[in-house]
Amino acid sequence: MNAFNIPQSNHPRVIIVGGGFGGVTLSRKLTKLQLQVVLIDQNNYHTFQPLLYQVATSGLEPDSIAFPLRGITDNQENFFFRMAQVTQVVPEKNEIETNIGKLQFDYLILATGTKTNYFNNQQIENSSMGMKSVVESLNIRSTMLKNFEKATIRASEKERKKLMRIVISGAGPTGVELAGAFAEFKKGVVPKDYPDINPENMEIHLIDGSDRVLSSMSEASSKKSLKYLEKLGVNIHLNTLVKNYEDDVISTNTDLNLEASTFIWSAGVIGNHIPGIKEDSFHEKTQRYRVDEYNRIMGYESIYAVGDIALMETDDYPKGHPQVAQPAIQQGKNLAKNFKRLLREKPLKPFSYFDKGSMATIGRNKAVADVGSFTIGGFAAWFTWLAVHLYFLVGVRNRVVVFLNWIYNYFNFDRAARLILQPERSKAAPKN
Ligand SMILES: Cc1cc2nc3c(=O)[nH]c(=O)nc-3n(C[C@H](O)[C@H](O)[C@H](O)COP(=O)(O)OP(=O)(O)OC[C@H]3O[C@@H](n4cnc5c(N)ncnc54)[C@H](O)[C@@H]3O)c2cc1C
């Protein structure tokens, strides 16, 4: 027996590291084959990252967007989940090292996603709040609500404004969706919950270095979303780079300096790689593993990568596929099919990405979606966004809970999950 208490099997052992979209898709499919499947994640749950912003803004409970990884298959005997952090890959020994011990593999699949990119700015990394996990989302929620509680007992308007001002750096889908949801919070919750405060003390600022919001989407979507955000009262600062956040002041490369107790960093992501893979199989700038068209890491026979961490450079996608859920799901499906072929000694099929489009929502009733060369906006896009997110959410219970929450919030203009449940972690804890 090994440190993982996993029995030896007559079937090849596949270790999947990471229970995100890619890892979950693969685990479900591979357990149907003559393989021993070991899924390892540092958490015991899958996180549906597209809805993290709703946890951060009190719209949803964290449990409704996370799903226990032990429950993703139908109790198949060849499936093992272990909660561990993988720290090293040792290709020459076909082994991984983790915080609970070592484990050998016949095949290894790395699906470890991304982490927040602070662009080597240690000061911002230490003082701002990222939003890549349930814990970080809850931290944002708790920080914001605690600041609002403090604001109610401050006599000075300047002090109240600082406590209630929310600044977001990065106007990609995460920043835009967060800003829209905070603006709805200001309209729906602040007047009711904090009647002794002028709601206008709550300002939402969205900062981005490029000349448009949602720069990864079409120009039409950018224009529409800018209009929606402005209508919601969000202050937008384009062509502006955040330089520092110190003593509750966000300083930028322009004249803009903002005093704010809540500062969220959503300006980019970088591969969450595990050391041990040789240098030329690794793309330094993006920290992603270079893979071939079968998701095999370049230079290795039995080590693969899927999803955000995999960089597959093709003619259509010379910089790799976009780091969103669909490539991870589709690569997981294709790789599972290729394992079936591998076991039958049939030739493998290359991965081909089917782009289903991209979308972002901006407050209630408004969203933008790019599908092929078409752009849709307004209520139709918003309704499509709701349906798509419910469909891809893992777990029937989660779908029902989220659906009911949305209906409740929609008709009551409410965001019910506004409890301060955990102590703030050190990041961005107000100093007063
Ligand atoms: C706030 C936010 C909003 C988003 N919105 C959208 C959206 O609207 N639409 C969309 O398509 N995409 C969206 N994305 C992107 C999408 O979530 C990712 O592209 C997708 O999750 C990638 O899937 P993955 O399987 O590659 O990795 P992930 O889903 O990130 O999963 C990686 C897993 O690996 C685990 N892990 C990492 N390192 C280790 C280690 N060393 N040891 C053990 N376990 C480890 C992590 O715990 C995690 O469970 C969003 C992302 C964020 C952060």
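Look above for the structure.
Within each chain, residue numbers correspond to sequence positions counted from 1 in written order. Only residues with pLDDT of at least 70 get local features here, since the model is predicted, and only at 80 or more are side-chain atom pairs given and counted; chain-wide, interface and lining totals rely on the full set of residues. To get the side-chain values, take all heavy atoms of the structure and skip hydrogens and water.

### Observations concerning the sheet that holds strand β12 (residues 204-207)
So the rule is basically this: When DSSP finds at least two bridges between two strands, those strands are taken to pair. A helix here means a DSSP run of H or I that spans at least four residues, while a strand means a run of E at least two residues long, and both kinds are numbered starting from the N terminus. All axes are obtained by fitting lines to C-alpha atoms, using only the stretch in contact for helices, and the reported angles, taken between N-to-C directions, cover 0 to 180 degrees.
Across the sheet, four strands lie side by side as β13-β12-β11-β17; this open sheet has parallel pairing. Strand pairing shows two members of the sheet lacking a second neighbour, β13 (235-237) and β17 (262-265), which therefore form its edges. Geometrically, the sheet is characterised by an average inter-axis angle of 15 degrees between neighbouring strands, direction not taken into account. Bridge count for β12 against β13 is three bridges, and the pairing is parallel. Paired with L206 across the strands is I236, a residue of β13.

### Remarks on the environment of V17
The following threshold applies: Only protein chains enter the area calculation, which uses a 1.4 Å probe; residues under 20% of their type maximum are buried, those over 50% are exposed, and those in between are partly exposed. The contact criterion used throughout is that any non-hydrogen atoms of two residues lie within 4.5 Å.
Within the secondary structure layout, V17 lies in strand β1 (residues 13-17). When its relative accessible area of 5% is taken as the criterion, V17 is described as buried. Separated by 92 residues in sequence, V17 and I109 place their C-alpha atoms 6.2 Å apart. With near-sequence residues (within four places) excluded, V17 lies in contact with I40, V86, L108, I109, L110, A111, T112 and I274.

### Section: unusual backbone geometry
For D247, which is not glycine, the phi dihedral falls at a positive 50 degrees. Among the structural elements, D247 can be located in the loop between β14 (242-246) and β15 (249-252). You will see that N365, though not glycine, has its phi angle at about 70 degrees, which is positive.

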